[in-house]
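Observations on the model geometry
These are the residues of each chain, in order.
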Amino acid sequence: MLTAAREVQIPLLAVMLLGACAAKVWRALRPHADTARTDPTGLFPAHLQRPIMVLMFVAELGLGLGLIGTAGKFGDIARGVPATIVRTGTALFFLIAVGALNEMRQRRPDSGCGCFGELSGTPIGLRTIARPGLLCASAVAALGLPPLRMPSSSTEAELWLAVLAFELALIAFLSPELGEIMVRLGYSEPCELRRLPVGRTMTALHASSQWRKYAGQISAAEPSDVWREGCWRFVVYPGSARGRPVDIVFAVYLQSRRPVIRAAVLDADTDEVLGPAGTRESVVI
Amino acid sequence: MRHLADIPRWCDDVTDSPSPTRFARRSLLKAAVLGPRDESDFSPIATGKDDAGAAERSLVYTVTGRILDVSPHILVLLTERGEQRFPLAASAEAWRGGLVSPAALRQGDHAIIRRRLPGGPVIDRIWAEIGRVTGTIIERDGPASLLVDEGPAKGRRIVLIGPEATGRIQVRFPRLEPGYLIDVIGLKHDGYLQALIPATSQPPYRAGHPPAAPMVSGHIPDPVSGTAVWHEPGEEPESLLGLAYPALDPETSCEHAASAPPACSGDLHAVEEHAVDPHATGSGCVRLPYLSVGSLIRLRNDCAERTRVVPVTSCGATARLFCDRCVTCGTSRKGRIADLTMAAFVELGGALEVGCFNATMMIGG
């Protein structure tokens, strides 16, 4: 049973390291991500923060892949020494993390640990520090293990799963990120905060019945003005109606599918409303 | 990813726009297609092009200009309308680096004055040569000289802190170091601001790392309460009634206009390292609905209980970096929601040397 518990640690540690690595990449790749850096790199001078961030990323990626690569054996070649090096490195990595988070908690108590990118914005608490401590102990427990193999019996497989479930539950308890993930899964950004490219607005407009109704009056290929207020984007085209220069205004509600579209026609010189004006119903902007 | 070449001609580049009337017309077009918000609100479509709409959006309390002459009873000001004479009330106060008597003001000073009554001749308050620098410290030269980046739209300013103000400012801004935020009010001089008053308390985080605002479920509440601050006119007209809005639509507004760093001598790399583009720091401390230049906002000074409809006239993304609160009359419920022009701030009853007032904003005028 003890061996089964130790064997579970290797895939668990690898998943944790690669998950943390992926979360950091996700934050770095998002063009307008919340770049508020809430991790221990904040303890260092500004010019060192990026190199240290890269170093952490490389260490997590290297150790995660190293744990997987040295877990089994290839043919008859066991990977005893490399496996010991990687597992010792993993234990050291988490031990350093415990120290850094403790220091961070004292010096910048409002900052998160940044362990899983922007998901880790909750201020560092004892639970957050205990997590790398647990993972450090896991890495120590994995030292000296023989190469991993598939469970030989269903009882052994059940034991594996039971240990894995217990440890995942423990990690979940120590992870403030879980609450953040649950909130994000159920979160839909209000339309007034949602970024929506102009191109999508134009596509929706050009496919609408309102567009077909007024297309004959429009005299230019490009709109003369486009702007946004809250949940509405407005598109103005120059045109002519009954020999008078007019402005044809479309209001497109900013939602992905079948947006509401309204239109009005104004005399370009007098601003008199010629076409269907908006109703006086309450409109969420 | 959008490239500069992809940005069409209708983008809100206010300074380059050949037809700023395009922005002014937007509220009218919006009202035409959606209808006025309700009967009580200001509605350009209801007033058309008559004088009522213009009056609503013109200054009635505030006058800006250059002092031609001042005596204990009369102030002569060169304004946009030419030379104007204003009688001074006995209780009139003046600010020039501190409270002074109006007679202590100097010829040639740039002044912004507040009338006692709307459109009335009598002056209640004068501010002379007042300035403000809000942004990120990107270079420090000695204990008292700072180079501050006010964001891509406004550029960089030099701030000097005199020995008489050092203690006062350092109490509120303990980290006068590159990478940290600063917001100070003082006297304008040629090429620099002499900082005299801290306009807020320094946020503890570095400028590029403001905390994220909490997520919003449902729609953003309207009205929104928070803090209104002011900024110097820069390239805007001095008497402009308007505001810089922190959340302009990134698809059609100033977000693309992040300027290239200016070429300057010295250790350019070290300076640029600390410059922060506020557009790249996320939504900032207050989640506000995306608007555009020309959008109308009904803004209320909760301290003076004065309300005006103010159009969005520029990008105020730097306000996103400050998660501070205004404590002019109680603690504001949120951080910075509007960065007013000086004229608009005074028009709404704000005191420039205080730096902020608690405000409530209703979008759509």
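What counts and what doesn't
Numbering of residues starts from 1 in every chain and runs along the sequence as written. For naming, the first written chain is A and the first written ligand is 1, with later ones following in the order written. Thresholds applied to this predicted model are a pLDDT of at least 70 for local features of residues and 80 or more for the giving and counting of side-chain atom pairs; totals over whole chains, interfaces and linings are not thresholded and use all residues. Helix and strand assignments come from DSSP, with helices taken as H or I runs of at least 4 residues and strands as E runs of at least 2, each series counted from the N terminus. Three exposure classes are used, based on other C-beta atoms lying within 10 Å of a residue's own C-beta, which is placed from the backbone: buried for 20 or more, exposed for 12 or fewer, and partly exposed in between. C-beta atoms are placed from the backbone for every residue, and two residues are taken to be in contact when these atoms lie within 7 Å. The source of the domain bounds is an automatic or database domain assignment. Axis lines are fitted to C-alpha atoms, over the contacting stretch for helices. Their N-to-C directions set the angle, which ranges from 0 to 180 degrees. Any angle between 65 and 115 degrees counts as roughly perpendicular, while under 35 counts as roughly parallel, over 145 as roughly antiparallel, and the rest as oblique. Two helices crossing with the near one rotated counterclockwise from the far one by less than a right angle form a left-handed crossing, whereas a clockwise rotation gives a right-handed crossing. Here the term charged refers only to Asp, Glu, Lys and Arg, the term nonpolar to Ala, Val, Leu, Ile, Met, Phe, Trp, Tyr, Cys and Pro, and the term polar to all other amino acids, Gly among them. Here, any two strands with at least 2 DSSP bridges between them count as paired. Residues of type Ala, Val, Leu, Ile, Met, Phe, Trp, Tyr and Cys that are buried and joined through C-beta atoms within 7 Å form what is called a nonpolar core.

**Quick word on the overall build of chain B**
- When you go through chain B residue by residue, the secondary structure sums to six helices and 17 strands.
- Evaluated residue by residue, chain B yields a buried proportion of 51% over its 365 residues.
- Across chain B, the fraction of contacts at a sequence separation of at least 24, relative to all contacts at a separation of at least 6, is 71%.

**Observations concerning the domain arrangement of chain A**
- The domain boundaries assigned to chain A delineate domain 1 (2–185) and domain 2 (192–267).
- The C-alpha-based centres of domain 1 of chain A and domain 2 of chain A are spaced at 50 Å.

**With respect to the packing of helix 3 (residues 80–107) of chain A against helix 4 (residues 126–141) of chain A**
All names here are of chain A.
- For the pair helix 3 and helix 4, interaxial distance at closest approach is 8 Å and the crossing angle is 165°. The angle between helix 3 and helix 4 places the two elements in the roughly antiparallel class. Where helix 3 crosses over helix 4, the two elements pack in a sense that is left-handed. On helix 4, the residues that touch Arg87, Thr90, Ala91, Phe94, Leu95, Ala97, Val98, Leu101, Asn102 and Arg105 of helix 3 are Thr128, Ile129, Pro132, Gly133, Leu135, Cys136, Ala139 and Val140.
- For the contact of helix 3 with helix 4, the class distribution of residues is twelve nonpolar, four polar and two charged.

**Remarks on the sheet that holds strand 4 (residues 261–267) of chain A**
- As summarised here, the arrangement of the four strands in space is 1-2-3-4 (chain A), forming an open sheet in which the pairing is antiparallel. Edge positions in the open sheet fall to strand 1 (225–229) and strand 4 of chain A, since each of these has one partner strand only. Each strand of the sheet is rotated relative to its neighbour by a mean of 25°, with strand direction disregarded.
- Both strand 3 (residues 244–253) of chain A and strand 4 of chain A contribute to a ladder of seven bridges, which runs antiparallel. For A:Phe250, the partnering residue across the bridge sits in strand 4 of chain A and is A:Ala263.
- Strand contacts of helix 7 (residues 198–206) of chain A: strand 1, strand 2 (232–241), strand 3 and strand 4 of chain A, with the helix running at about 110° to strand 3 of chain A, the strand carrying the most contacts.
- Running over the sheet, helix 1 (residues 21–34) of chain B touches strand 1, strand 2, strand 3 and strand 4 of chain A and is turned about 120° from strand 4 of chain A.

**Concerning the nonpolar core**
- Residues B:Ala111, B:Ile126, B:Ala128, B:Val184, B:Ala228, B:Leu243 and B:Ala338 are the most contacted members of the largest nonpolar core, which totals 89 residues.
- The residues touching B:Ala338, leaving out its near neighbours within four places in the chain, are B:Ala228, B:Leu243, B:Tyr245, B:Leu299, B:Ala359 and B:Met361.
- Counting residues in each nonpolar core, the second largest holds 33 residues, with A:Val235, A:Ile248, A:Leu266 and B:Leu34 among its members.

**A look at the domain arrangement of chain B**
Residues and elements named next belong to chain B.
- Domain annotation of chain B identifies domain 1 (20–50), domain 2 (62–128), domain 3 (131–198) and domain 4 (224–251 + 264–363).
- Look at where the C-alpha atoms of domain 2 and domain 4 centre, and you get two points 26 Å apart.
- Taken together, the contact between domain 2 and domain 4 spans seven residues of the former and eight residues of the latter.
- At the level of secondary structure, the elements contributing two or more residues to the side of domain 2 that touches domain 4 comprise strand 1 (62–70) and strand 5 (110–115).
- Taken together, the residues of the side of domain 2 that touches domain 4 sort by class into three nonpolar, two polar and two charged.

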